[in-house]
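So the chains spell out like this:
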Amino acid sequence: MNDFENHKWPAVVFFLTCGLFFFGCVWYLWVGARNPEYYWHPSPTLTGQPADRVLEKNASILLEKNHGARVDSARIVYRGSCNGTLHMDLYVLQLDPHYGYPHQVEEDQARKGFRMGEYYFQVLASSDGKISLKRL
C-alpha cells in the first residue's frame, strides 16, 4: 500500500502539466491570436496599389486619401480634411522613410500657397477624399 502512494505523484504531475499546457493553448487561440496583417504589411506591388507618382516643379497632381506622391527626396501623403484643415504627412526619405511628419494646413491658407519642408505647394481643389496639389 505504501509503494502505491510513493509512485502516484509522477502521474499527478504529468496530468497536471498536460492540463495546463492544453489550457494555455486554448487560451492563446481564443484570446491571444492576432490577425497576420498586424505583423505583415504587404508591399504596394502585391496589393495592386499604384506606386507613388513623381510631382515635378510647376506641375499638379490629384492625390487620393492615404496615397502619396514623390517630391525629389521626399514623399507627401494626403490624410484627409477635418473642419477646414488639411492633414498631410511628409516623409523625408533620406532621413527616415518610415516616419511621416504630420502637417496641418488651413484650407484658405493652402489655396494661397504653403510650405512643407523645403518645398512650396498650392492647393487647387480639395475634399475629404481627394486633393489637387500644385508644386510651386
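In this report, we go over the structure that sits alongside the text.

Here is what the cut-offs are and how they apply
- Residues numbered from 1 in each chain as written.
- Predicted model: local features only at pLDDT ≥ 70, side-chain atom pairs only at ≥ 80, totals over all residues.
- Heavy atoms only, no water.
- Buried < 20%, exposed > 50% of the residue type's maximum accessible area, 1.4 Å probe, protein only.
- Helix = DSSP H or I, 4+ residues; strand = E, 2+ residues; numbered from the N terminus.
- Pairing = 2+ DSSP bridges.
- Axes fitted to C-alpha atoms, helices over the stretch in contact; angles between N-to-C directions.

Comments concerning the pairing of strand S5 (residues 85-92)
Working step 1: For S5, the buried fraction is high: six of the eight residues fall into the buried class.
Working step 2: Summarising the sheet, strand S4 (residues 74-82) and S5 pair through eight bridges and their orientation is antiparallel. Residue pairing across strands places Ala74 opposite Val92, the latter belonging to S5.
Working step 3: In textbook terms, the turn of a hairpin is the stretch between consecutive antiparallel strands, and for S4 and S5 this stretch comprises two residues, one of which, Asn83, has a positive phi near 55 degrees.

A short note on the sheet that holds strand S2 (residues 60-64)
The strands making up a sheet associate through backbone hydrogen bonding, with each pair oriented either parallel or antiparallel.
Working step 1: Strand order in the open sheet formed by four strands is S2-S9-S8-S7, with antiparallel pairing between adjacent strands. The open sheet has two edge strands, S2 and strand S7 (114-116), and neither has a second partner. For this sheet, the mean angle separating the axes of adjacent strands, direction not counted, is 40 degrees.
Working step 2: Where S2 and strand S9 (residues 130-135) come together, five bridges link them in antiparallel fashion. Considered in S9, the bridge of Leu62 is made with Ser132.

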